[in-house]
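Secondary and tertiary structure notes
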Amino acid sequence: MRISIGCDHIVTEIKNHVADYLTKKGHKVIDNGTYEKERTHYPIFGRKTAEKVVLGEADLGIVICGTGVGISISANKVKGIRAALVGDIETARYAKQNLNANVLAMGGRILGIGMIEDAIDVFLETIYEATPENKALISKIDSIPMSEEAINANHMFDEFIEKWDKGLYQD
Ligand code: RB5
């Protein structure tokens, strides 16, 4: 697979380890940096990594910062990205199998290297199950408007909210 990877300065060594790990497994790694340990900003690398996925230059992305929070939020700002912040195997599996996540995000200061490698393996190996339920959920996620104007103008969830308020909601 072609894997786009990125990190901030806090976890450069871990990102380098991940790059080697993937290369040894036969994947093509697109390393978007950062390459140094000098202070930088994770939105740059979350964006760069995610863009490669959306543009079709990479099949999947992996982003890492200290907690994984900042860089996952940044990656998710790129339209078409479903980045999942993962700290365990089950979440890695679910993210891909049910929500077809295309970016795996992890906290390099939170997880041990063994957990990071296992989460990567599971994320890459798990096949997305394109069931009607999964497709419908992804479609709903993808339809969430981005701008305040669009939020105010969009009432696509009103029916469900109304049912929920009445205690009638069933999916
Ligand atoms: C360091 O900038 C730290 O805030 C970052 O690596 C990350 O933990 C943010 O979510």
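Before reading on, note that the structure itself is shown above.
Described below are features of the structure shown in this document. (Residues numbered from 1 in each chain as written. Predicted model: local features only at pLDDT ≥ 70, side-chain atom pairs only at ≥ 80, totals over all residues. Heavy atoms only, no water.)

The subject of this paragraph is a nonpolar patch on the surface. Taken together, Val69, Ile73 and Leu85 make up a surface patch of nonpolar side chains, about 240 Å² in accessible area. Its location among the elements puts Ile73 in helix 3 (residues 69-76). (Patch = residues over 30% accessible without salt bridge, like charges linked within 9 Å, V, L, I, M, F, W, Y side chains within 5 Å. Areas by Shrake-Rupley, 256 points an atom, 1.4 Å probe, with all protein chains shown as cover. Salt bridge = Lys/Arg side-chain N within 4 Å of Asp/Glu carboxyl O. Helix = DSSP H or I, 4+ residues; strand = E, 2+ residues; numbered from the N terminus.)

Attention now goes to the site of the ligand. In the vicinity of the ligand, the residues found are Asp8, Ile10, Tyr42, Cys65, Gly66, Thr67, Val69 and Gly70. One of the side-chain N or O atoms of Asp8 is found 2.5 Å from an oxygen atom in the ligand. Separating an oxygen atom of the ligand from a backbone N or O atom of Gly70 is a distance of 2.8 Å. Protein contacts shield 73% of the accessible area of the ligand, which totals 290 Å² for the unbound molecule. Within the shell around the ligand, the residues separate by chemical class into four nonpolar, three polar and one charged. (Near = heavy atom within 4 Å. Polar contact = N/O pair within 3.5 Å; in protein donor to acceptor, adjacent residues only side chain to side chain. Nonpolar A, V, L, I, M, F, W, Y, C, P; charged D, E, K, R; others polar.)

Core analysis: the largest hydrophobic core is formed by 24 residues, its most contacted members being Leu22, Ile62, Met106 and Ile120. When residues of this core are traced back to their parent elements, those giving at least two are strand 1 (2-7), helix 1 (12-24), strand 3 (60-65), helix 4 (89-97), strand 5 (103-107) and helix 5 (113-125). Per-element accounting of this core gives the leading share, six residues, to helix 5. The residues contacting Leu22, other than those within four sequence positions of it, are Ile3, Ile5, His27, Val29, Ile62, Ile120 and Leu124. Ranked by size, the runner-up nonpolar core spans 14 residues in total, among them Phe45, Ala50, Ile81 and Ala83. (Core = buried A, V, L, I, M, F, W, Y, C linked by side-chain atoms within 4.5 Å. Buried < 20%, exposed > 50% of the residue type's maximum accessible area, 1.4 Å probe, protein only. Contact = heavy atoms within 4.5 Å.)

Below, the discussion takes up helix 5. In a regular helix each residue adds 1.5 Å, so 13 residues correspond to 18 Å; helix 5 covers 18 Å between its end C-alpha atoms and thus fits that length. Within helix 5, the full set of buried residues consists of Ile116, Ala119, Ile120, Asp121, Val122, Phe123 and Leu124. Looking at the buried side of helix 5, the elements it contacts are strand 1, helix 1, strand 3, helix 4 and strand 5. (Expected span 1.5 Å × (residues − 1).)

Attention shifts here to unusual backbone geometry. Peptide bonds are mostly trans, and most non-glycine residues show a negative phi. Here the residue pair Gly33 and Thr34 is connected by a cis peptide bond, since its omega of 5° sits within 30 degrees of zero. The residue Thr34 is located in the loop between strand 2 (28-31) and helix 2 (42-54) in this model. Positive phi, close to 45°, is recorded for Asn100, a residue that is not glycine. For Asn100, the position within the fold is in the loop between helix 4 and strand 5.

Take the pairing of strand 5 next. Where a strand is regular, its side chains alternate between the two sheet faces. Most of strand 5 is tucked away, with five of its five residues classed as buried. Neither face of strand 5 is left uncovered, since the one carrying Val103, Ala105 and Gly107 and the one carrying Leu104 and Met106 both have all their residues buried. Both strand 4 (residues 83-85) and strand 5 contribute to a ladder of three bridges, which runs parallel. Opposite Ala84, over in strand 5, you have Leu104 as the bridge partner. Since strand 4 and strand 5 lie parallel, the crossover through helix 4 that links them has a hand, and here it is right-handed. (Pairing = 2+ DSSP bridges. Right-handed = clockwise from strand over helix to strand, strands pointing away.)

This part is about the pattern of salt bridges. Where side chains of opposite charge bring their charged atoms close, a pairing between them can arise. A full pass over the atoms with the stated rule returns nine salt bridges. Between Asp31 and Lys15 there is a salt bridge, with the nearest N and O atoms lying 2.9 Å from each other. Pair noted here: Asp31 is in strand 2 and Lys15 is in helix 1, with a separation of 16 residues, a long-range link. In this structure Asp31 comes out as partly exposed when scored by relative accessible area, which is 25%. Note that Lys25 is salt-bridged to Asp121, the shortest N-O span being 3.3 Å. With Lys25 in the loop between helix 1 and strand 2 and Asp121 in helix 5, this pair connects stretches of sequence that are 96 residues apart.

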